[in-house]
Amino acid sequence: MHAVRRPWRNWLATGTVATAIALLPGTAAADWPPTDSQGGQTTVTRQGQALESKVSFSGSTNGSGGNKGKGFVAANNWTPPACWYEPRSPAEFQAAVEAFYNDTVNYPGQHSYAKTAVGQYRDIYKNGKYKNYNLDKAGQGAFWVAAYDPARRNDPAASACSDLPEWVPNGTPPPFRQAITPQILAEAAYSRISIPDSEVSLAPAANTKVNLPTWAWLDKGVFKPVSVTATLDAGGTTLSATVTATPQSMRLKPGTQDATLHPGSGECTINDGSIGAPFAAGSESQNPPCGVTYLRSSGSGTYPLQATVTWAVSWTSTNNAAPTQLPPGTFEGEPQNVTVQEIQAVTR
């Protein structure tokens, strides 16, 4: 197969130019992609020079999408959208399409089928269904185009937005199921939330004894809600949404089956902004509100105690002041090595 030979950045966020041309009037889907003289198919990739999403993120963001480490995992296998549709002014859209066309036809050694494909695509907006990119209608509407989350450009879910760009007059709902809304912005911001590590305070710290309760807690001064705001300002449309993640509970994994969790469910709930309670002198024999009692020595090694924190997630926007829930998420902290020793009995 003869692929387009150009290291473009993605611009038709999803779908392919090949798919787009197959939908053109007068071009039967069965006729695409064309074959070359050797009988092989010519593929035009879904890459171009512009029209990446104009959504920006601010706040407690990890910067690139997809949380670092093991990540912030949404419940029930829910994932934020990988693509959506955004507006572009006629001038912005013209610049992007022309750059895409020029890069394709002027690239040395480019295959003629690729040039034909992008030429047909360009003609839709320059000389076909639309005339001169609707430049004479500036301010009266916008072209709505597929855009993708840059962090998920290679995600198969990005293929969900494969429709050709369309002109939408002001005041008319875009004809796309995934046209961007404050909720889609909130869902996109979800994947940018930077969650603090879930390293718990322990008493005794690192070294404990068999059958001696180990207290565990997360201090509210360190462990607090985090927020990310997603904003779109493009094509005459301005939208924003703020997502806030709030810690709700913590589940301890003691690293061995020879242990008793406190409480028995293993789920330590938040109380006045903190989880669990710091150890206080004189409480050695009491069961902690959050913690673990090891029943067997770790021998010459350690047990990897791990804390997983569940966060409730909600969002608000300028036209949705009441918090609206998104799926909760969990963040799994790094294991903390705990040495458990036998209590040495002294005989006289």
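Just above sits the structure.
Cut-offs and rules
Positions within a chain are numbered from 1, following the residues in the order the chain's sequence is written. In keeping with the predicted nature of the model, local features appear solely for residues at pLDDT of at least 70, side-chain atom pairs appear and are counted solely at 80 or more, and the whole-chain, interface and lining totals rest on all residues. Hydrogens and water molecules were not included; the side-chain quantities draw on all heavy atoms of the structure. Numbered from the N terminus, helices here are DSSP runs of H or I no shorter than four residues, and strands are runs of E no shorter than two. Partly exposed residues are those whose accessible area sits between 20% and 50% of the maximum for their type, while under 20% is buried and over 50% is exposed, using a 1.4 Å probe and protein chains only. Accessible areas in this description were obtained via Shrake-Rupley with a 1.4 Å probe; residue shielding takes into account the shown protein chains only. Under this definition, polar contacts are N or O atom pairs within 3.5 Å; protein pairs additionally need one hydrogen-donor-capable and one acceptor-capable atom, and for neighbouring residues in sequence, both atoms have to be side-chain atoms. Should any heavy atoms of two residues lie within 4.5 Å, those residues are considered in contact. A pair of cysteine sulfur atoms is labelled a disulfide when the two atoms are within 2.5 Å. One requirement defines pairing of two strands: DSSP has to find at least two bridges between them. Angles run from 0 to 180 degrees between N-to-C directions of axes, and those axes are lines fitted to C-alpha atoms, restricted for helices to the stretch in contact.

Now for the overall build of the protein. The helix and strand inventory of the protein stands at four helices and 21 strands. The buried share among the 348 residues of the protein stands at 45%. Here the protein displays about 16,600 Å² of accessible surface, and carbon together with sulfur accounts for 50% of that area.

Another point: the side chain of E86. Positionally, E86 belongs in strand 7 (residues 83–88). Owing to a relative accessible area of 0%, E86 belongs among the buried residues under this scheme. Among the polar contacts made by the side chain of E86, one reaches the main-chain amide nitrogen of K54 at a distance of 3.1 Å. With residues near it in sequence (within four places) discarded, E86 still touches S53, K54, V55, F143, W144, V145, A147, I180 and L232.

Moving on, we get to the environment of W167. Relative to the helices and strands, W167 resides in strand 9 (residues 166–169). Each residue touching W167, except ones within four places of it in the same chain, is listed here: P90, Y130, N134, K137, Q140, G141, A142 and F143.

Here we take up the state of the cysteines. Summed over all chains, the structure comprises two disulfides. Of note for the protein: the bonded cysteines, numbered N- to C-terminal, pair according to 1-2, 3-4.

Now for the sheet that holds strand 9. Pairing within the open sheet is antiparallel, and its three strands lie in the order 7-8-9. Looking at the sheet topology across the chains shown, the edges are occupied by strand 7 and strand 9. Averaged over all pairs of adjacent strands, the angle between strand axes in this sheet comes to 40 degrees, irrespective of strand direction. Across four bridges, strand 8 (residues 141–148) lies against strand 9 in antiparallel orientation. When the sheet's bridge partners are listed, G141 is paired in strand 9 with P169. Where helix 2 (residues 90–106) meets the sheet, its contacts fall on strand 7, strand 8 and strand 9, and the angle it forms with strand 8 comes to roughly 50 degrees.

Right, let's get into unusual backbone geometry. With an omega dihedral of -5 degrees, the bond running from A203 to P204 counts as a cis peptide bond. Here P204 shows up in the loop between strand 10 (201–203) and strand 11 (207–209). The linkage connecting H262 with the following residue, P263, adopts the cis geometry, with an omega of -5 degrees. Residue position: P263 is located in the loop between strand 15 (259–262) and strand 16 (267–271). Positioned with a positive phi, N77 is a non-glycine residue whose angle comes to about 60 degrees.

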